[in-house]
Amino acid sequence: MAQISVRNVTKVYKGGVKAVDDVNLGIENKEFMVLVGPSGCGKSTTLRMIAGLEEITDGKIWIADRLVNDVPAKDRDIAMVFQNYALYPHMTVFENMSFGLRLRRYPKHEIVRRVQEATEILGIKPLLERRPRQLSGGERQRVALGRAIVRKPQAFLFDEPLSNLDAKLRVQMRTEIHKLRLRLQTTFVYVTHDQTEAMTLGDRIAVMKDGKVQQCADPITIYDKPANKFVASFIGSPPINLMQGRIIKKERKYYFEEGKLQVKLVEDMYKVMGPYEGKEIIFGIRAEDIYDKLFVSEASADNTIRAACEVVEPLGSEVYLYLNSGRHTFIARVGAHNRPEVNRDMDLVFDMSKVHFFDRETEKTII
Ligand code: ADP
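Here goes a summary of the coordinates provided. All values derive from a computational prediction rather than experimental measurement.

### What to know about the overall build of the chain
- Check the secondary structure of the chain and you find nine helices and 20 strands.
- Expressed as a percentage of the 367 residues in the chain, the buried residues total 49%.
- Put simply, of all contacts in the chain between residues at least 6 apart along the chain, 65% involve residues at least 24 apart.
- Accessible surface, the chain as shown: approximately 17,900 Å² in total, 47% of it carbon and sulfur.
- The averaged location of the 49 negative side-chain charges in the chain is 6 Å from the averaged location of its 56 positive side-chain charges.

The following block contains the structure:
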């Protein structure tokens, strides 16, 4: 068990690529921290520096109050699980799982006990004598997890552990990692490019882009109060609808306007948005905050817009509508009872209490 502290850490690779740029992260003891972001944003490099697999160019990393900058990976008392499992092909499952303990000269009975315990947790007891090539992808990943568990490390570091699995297995393993986490009560740092994994697993999520942490917070805060346009659009599926337009004032009321589209702001936002009157701004609304007017009891003309429904995607529990208002396309996510006709105009209601505004220059969240 350990807290991990990453302070002003930068990584410049040979050749000059700045992969990580002044990152700060405070990971609590027993916390599950997810690093998420698009490919190349520096999340793996950050994890590998914590693991000791990559040198730190600048900054400091502490694991459980020990400055580890110059501590080799093997002495950091952490276990890493990789996307490609990294199992030894010529060893059985038992040998793979016990390898680290044998290297460290643990007594035989202790090795057997720990492997048994881990195989029970992971449900892989029948596989102990098999070799990796005789296992499915999901089983291999369980063995890789098992090899990490037997070490009883201070922290687990996961680098995209589910990326090689098919969609169904990924969801299943995600739940298993969740259960494992509850059982092990240890610190986890988990790297993924998958925002659903990040949202479902993390106590907190650090969203990264271009080597920098854009926002670090619990999943609901990240979703409801994104720090900037990038976080708002990276987290959430389907992605948030964004459009650039202007704030205007008419008869003491403020509106967002773009072409023919005009929607009234809720009064709570007037104070913050008033100073933006006449200015260009980015407006964001999530797909689930747009409703079919037919199912809204109190819609007003102020927040209703007309759009053609171009595509209807029924997903069983809900329906995605791909809409076109002339200048804009956007997606609404509505209940399964909504089945509008394709290529017909329909009225849609924007829930204006849920919308976001971003500064056009800085892309930071205004509200
Ligand atoms: P992520 O895990 O978010 O996909 P990485 O941390 O792997 O991103 O990479 C961040 C940046 O550093 C990328 O631009 C990548 O090309 C670069 N990079 C990663 N590893 C190396 C390396 N060994 N040498 C040079 N550049 C690297």
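Once the structure has been displayed, the description carries forward.
### A few points about the environment of Ala 227
- By secondary structure assignment, the location of Ala 227 is in the loop between helix H7 (219-224) and helix H8 (229-234).
- Spatially, the C-alpha atom of Ala 227 lies 6.2 Å from that of Gln 215, the residues being twelve residues apart in sequence.
- Setting aside chain neighbours within four positions, we find Ala 227 in contact with Gln 214, Gln 215, Lys 364 and Thr 365.

### As for the site of the ligand
- Around the ligand, the neighbouring residues are Tyr 13, Val 17, Ala 19, Pro 38, Ser 39, Gly 40, Cys 41, Gly 42, Lys 43, Ser 44 and Thr 45.
- Between the ligand and Lys 43, the relevant distance is 2.9 Å, taken from an oxygen atom to a side-chain nitrogen or oxygen of the residue.
- For the ligand, an oxygen atom lies 2.5 Å from a polar atom in the side chain of Thr 45.
- Across the complex, the protein chains shield 59% of the 560 Å² of accessible surface that the ligand would expose by itself.
- Looking at the shell around the ligand, its residues break down into five nonpolar, five polar and one charged.

### Here we look at the sheet that holds strand S2 (residues 18-27)
- Spatial strand order, S2-S1-S4-S5: four strands in an open sheet with antiparallel pairing. One side of each edge strand has no neighbouring strand; the edge strands of this open sheet are S2 and strand S5 (66-67).
- In this structure, strand S4 (residues 58-63) lies alongside S5, joined through two bridges in antiparallel fashion. The residue bridging Trp 62 from the neighbouring strand is Leu 67, located in S5.
- Sitting on the sheet, helix H1 (residues 43-51) touches strand S1 (4-12), S2 and S4, and the angle it makes with S1 is about 120 degrees.

### Looking at helix H2 (residues 93-103)
- Listing the buried residues of H2 in full gives Val 93, Asn 96, Met 97, Ser 98, Gly 100 and Leu 101.
- Among the structural elements, helix H3 (108-122) and helix H4 (137-149) are those in contact with the buried residues of H2.
- Taken from the residues just after H2, Arg 105 is the one with a positive phi, measuring 60 degrees.

### Let's talk about the pattern of salt bridges
- Under the defined criterion, the tally for this structure stands at 21 salt bridges.
- Taking the shortest distance from any N to any O, the salt bridge between Glu 117 and Lys 152 comes out at 3.2 Å. On the criterion of sequence distance, the pair formed by Glu 117 in helix H3 and Lys 152 in the loop between H4 and strand S7 (155-159) is long-range, its members being 35 residues apart.
- For Glu 117, a relative accessible area of 30% puts it in the partly exposed group.
- According to the relative accessible area criterion, Lys 152 is partly exposed, its value standing at 42%.
- As a salt-bridge pair, Lys 354 and Asp 351 come within 3.5 Å of each other at their nearest N and O atoms.
- By relative accessible area, Lys 354 is classed as partly exposed at 40%.
- Judged by relative accessible area, which is 15%, Asp 351 ranks as buried.
- Shared partners join several salt bridges into a network, and the residues in it are Glu 110, Arg 113, Arg 114, Glu 117 and Lys 152.

### As for the sheet that holds strand S15 (residues 290-292)
- Sheet architecture is open: five strands sit in the order S15-S19-S16-S17-S18, paired in antiparallel fashion. The sheet terminates laterally at S15 and strand S18 (329-335), the two strands that pair on one side only. Neighbour-to-neighbour, the strand axes of this sheet turn through a mean angle of 50 degrees, independent of strand direction.
- Sheet topology places strand S17 (residues 318-324) next to S18; seven bridges connect them, and they run antiparallel. Across the sheet, the residue bridging to Val 319 is Val 334, located in S18.

### A closer look at the pairing of S1
- Sheet topology places S1 next to S4; five bridges connect them, and they run antiparallel. Bridging from a neighbouring strand, Val 6 pairs with Ile 61 of S4.
- Looking at chain direction, S1 and S2 are connected through six bridges and run antiparallel. Bridging from a neighbouring strand, Val 9 pairs with Val 23 of S2.
- Where S1 hands over to S2, the hairpin turn is made up of five residues, of which Gly 15 adopts a positive phi near 100 degrees.

### Focus: the pairing of strand S11 (residues 241-250)
- Sheet topology note: the S11/strand S14 (residues 280-285) ladder contains six bridges and is antiparallel. Bridged to Met 243 within S14 is Phe 283.
- Where S11 and strand S12 (residues 253-258) come together, five bridges link them in antiparallel fashion. Its bridge partner lying in S12, Ile 247 is registered against Phe 256.

Parameters at a glance
- Residues numbered from 1 in each chain as written.
- Predicted model: local features only at pLDDT ≥ 70, side-chain atom pairs only at ≥ 80, totals over all residues.
- Heavy atoms only, no water.
- Helix = DSSP H or I, 4+ residues; strand = E, 2+ residues; numbered from the N terminus.
- Buried < 20%, exposed > 50% of the residue type's maximum accessible area, 1.4 Å probe, protein only.
- Contact = heavy atoms within 4.5 Å.
- Areas by Shrake-Rupley, 256 points an atom, 1.4 Å probe, with all protein chains shown as cover.
- Lys, Arg positive; Asp, Glu negative; His and termini not counted.
- Charge placed at Lys NZ, Arg CZ, Asp CG, Glu CD.
- Near = heavy atom within 4 Å.
- Polar contact = N/O pair within 3.5 Å; in protein donor to acceptor, adjacent residues only side chain to side chain.
- Nonpolar A, V, L, I, M, F, W, Y, C, P; charged D, E, K, R; others polar.
- Pairing = 2+ DSSP bridges.
- Axes fitted to C-alpha atoms, helices over the stretch in contact; angles between N-to-C directions.
- Salt bridge = Lys/Arg side-chain N within 4 Å of Asp/Glu carboxyl O.

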